[in-house]
Amino acid sequence: MNHNHIVNLLEANRLGSLSPEERSVIEAHITECSKCRQAYEAAQISADLIKARASEIVEPSPFFSKRVMAALAQSPPAKPIEFLKAWKVMGGLVASLAALVVLLLVLTFFNPIHRPQSAAPESASNQSLLEQVLLGEGDVAVNNMTYGHVLETVFNAEDSYGNY
Amino acid sequence: MDSTVNLEQNSELELVRRARSGDEPAFEEIVRRYSPRVFQIASRFFRRRSEVEEMAQEVFLKAYTQLSSYQERGSFEGWLSRITTNTCLNALRHAKRHPETVLSDLTEDEDKWLESKLAERSVDHRQSAEHHLIAADLAERVLGVLSPDDRLVLTLIDGDEFSVDEVAEMMGWSRSKVKVQAFRARRRMRKAVEKLLGRNRRKGGSLLGVKPDHEP
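The structure displayed is predicted, hence computed values, not measured ones. (Residues numbered from 1 in each chain as written. Chains lettered and ligands numbered in written order. Predicted model: local features only at pLDDT ≥ 70, side-chain atom pairs only at ≥ 80, totals over all residues. Heavy atoms only, no water.)

In this section: the overall build of chain A. Regarding its fold elements, chain A presents 8 helices and 0 strands. Along chain A, from the amino end to the carboxyl end, the secondary structure elements read α-α-α-α-α-α-α-α. Sequence separation of at least 24 residues holds for 47% of the intrachain contacts in chain A that already meet a minimum separation of 6. (Helix = DSSP H or I, 4+ residues; strand = E, 2+ residues; numbered from the N terminus. Contact = heavy atoms within 4.5 Å.)

Printed below as a string of structure tokens:
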């Protein structure tokens, strides 16, 4: 019988659950092996200590259940909100936010009024003048333009559009 | 009074269903019915009544909020036991342990108890209540060196003699994990006690006046 076998027997099982045969094997071995005897003594004392500790049980007082119910009443713990209930409460808000985000995305990427951002200041003024000339709007100076000036304005504006 | 009698006759499942639907007397009956088990497990971790009661109360408050998560597959007692072990383990893990100092100063009584335990093998005598208390104190010190998991497995299997299956259900572990944990915990406990015995021998000469054999 080797040392490891004895130690394994002591550690694999509760000491009280060892069979009489296993006990007699251990007791025969420890008469000639001090290391195993010390291990066995320590295992016995460990078992006694654990038993002593296990026998100490705090019993609930007769008022314990009342105390728990009072604690529940005092600060009722938050119950986990079920998904459906949560959706009923928060669903409208979430849907509105989602709709707003979609709207912003549409306005950002599919803007129908596409205005050039890098046009030269001169071309911008030409375009403005052209619009005034073509729409017959504008100030007195525009209204009093000669036919030649109108043509010149239109051609200049066309040149500017060519930059796009 | 009648309603109390009715509640007492209710099955475990019926009580749980009633409590889940907000029936407070049903939950109070659950607390009454299962508090001995919760206290028993909490007593494995804590000794002072105030600590055990505090833990037990926390367990039942948690159970109340989590009643909807009880799937009715295993026993309710098993489900509650698992909440208890987890709550106590967490509390113990967060508590500061000082393994080095726990065993540093044994009292004279504890030293004597250790000697008497070895003497018991040759001279059998009945343990007095005082001896028992000393043993429980010493056990608390030695168990304090171990991890909370080791401590729990040892006290449940070796102390309360719960089966491996029962402990597996309580802890939410596999059977093999329980066995391995128990194996390792016994080794660590035995080593801690061997260390104590060795120190005792060095302090007072050879324990019981018996010289240790030559070690191989």
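F27, I30, F45, F60, F76 and L80 of chain B are the most contacted members of the largest nonpolar core, which has 48 residues in total. Of all the secondary structure elements, the ones that give two or more residues to this core are helix 4 (64-74) of chain A together with helix 2 (12-20), helix 3 (24-45), helix 4 (49-65), helix 5 (76-94), helix 9 (148-159), helix 10 (164-171) and helix 11 (175-203) of chain B. Considering each element in turn, this core owes the most residues, 10 residues, to helix 3 of chain B. Beyond its immediate sequence surroundings of up to four residues, F27 of chain B is in contact with V68, M69 and L72 of chain A together with A19, F60, Y64 and L67 of chain B. With 22 residues, the next largest nonpolar core counts I134, A139, A185 and L197 of chain B among its residues. (Core = buried A, V, L, I, M, F, W, Y, C linked by side-chain atoms within 4.5 Å. Buried < 20%, exposed > 50% of the residue type's maximum accessible area, 1.4 Å probe, protein only.)

Here we come to the packing of aromatic side chains. Residues and elements named next belong to chain B. As enumerated under the stated definition, the model contains 8 aromatic pairs over all chains in all. Ring plane angle 65° and centroid distance 5.4 Å describe the contact between Y34 and F76, whose orientation is recorded as edge-to-face. A residue pair is termed long-range when its members are at least 10 positions apart, and Y34 in helix 3 and F76 in helix 5 qualify at 42 residues. Here Y34 falls in the buried class, since its relative accessible area comes to 6%. What links up through ring pairs into an aromatic cluster is the set Y34, Y70, F76 and W79. The aromatic ring of W173 is capped on one face by K177, whose charged end is 4.3 Å from the ring centroid. (Phe/Tyr/Trp six-rings, centres within 6.5 Å; stacked < 30°, edge-to-face > 60°. Lys NZ or Arg CZ within 6 Å of the ring centre and 35° of its normal.)

The next point concerns the pattern of salt bridges. Going through the model one piece at a time under the given rule, you end up with 27 salt bridges over all chains. Of the charged contacts, one joins R44 of chain B and D160 of chain B as a salt bridge, the two residues approaching to 2.6 Å between their closest N and O atoms. Remark: D160 of chain B occurs in the loop between helix 9 and helix 10 and R44 of chain B occurs in helix 3; sequence separation between them is 116 residues. Connected through salt bridges with shared partners, the residues R53 and E56 of chain A together with R47, D137, E140 and R151 of chain B form a single ionic network. (Salt bridge = Lys/Arg side-chain N within 4 Å of Asp/Glu carboxyl O.)

Once that is clear, we can look at the interface of chain A and chain B. Facing the 44 residues of chain A at the interface are 63 residues of chain B. Taking both sides of the interface into account, the surface hidden between chain A and chain B amounts to around 4,800 Å²; carbon and sulfur atoms contribute 61%. Our count for the chain A to chain B interface comes out at 8 salt bridges. The partner of E11 of chain A in a salt bridge is R190 of chain B, with the nearest N and O atoms 2.6 Å apart. There are 18 residue pairs in polar contact (both at pLDDT 80 or more) connecting chain A and chain B. The set of elements that each furnish at least two residues to the side of chain A that touches chain B consists of helix 1 (3-12), helix 3 (34-54) and helix 4 of chain A. (Buried area = accessible area lost by both parts, 1.4 Å probe. Polar contact = N/O pair within 3.5 Å; in protein donor to acceptor, adjacent residues only side chain to side chain.)

In this section: the confidence of the model for chain A. Here chain A averages 75 in pLDDT, while 57% of its residues score no lower than 70. Taken element by element, the predicted model of chain A shows its lowest mean pLDDT in helix 7 (residues 140-143) of chain A (56) and its highest in helix 4 of chain A (92). (pLDDT = per-residue confidence, 0-100.)

Residues and elements named next belong to chain B. In this model, E72 sits at a positive phi of 65°, which is unusual for a non-glycine residue. One can find E72 in the loop between helix 4 and helix 5. According to the relative accessible area criterion, E72 is partly exposed, its value standing at 25%. Even without glycine at this site, E161 takes up a positive phi of about 60°. Position of E161 relative to the elements: it lies in the loop between helix 9 and helix 10.

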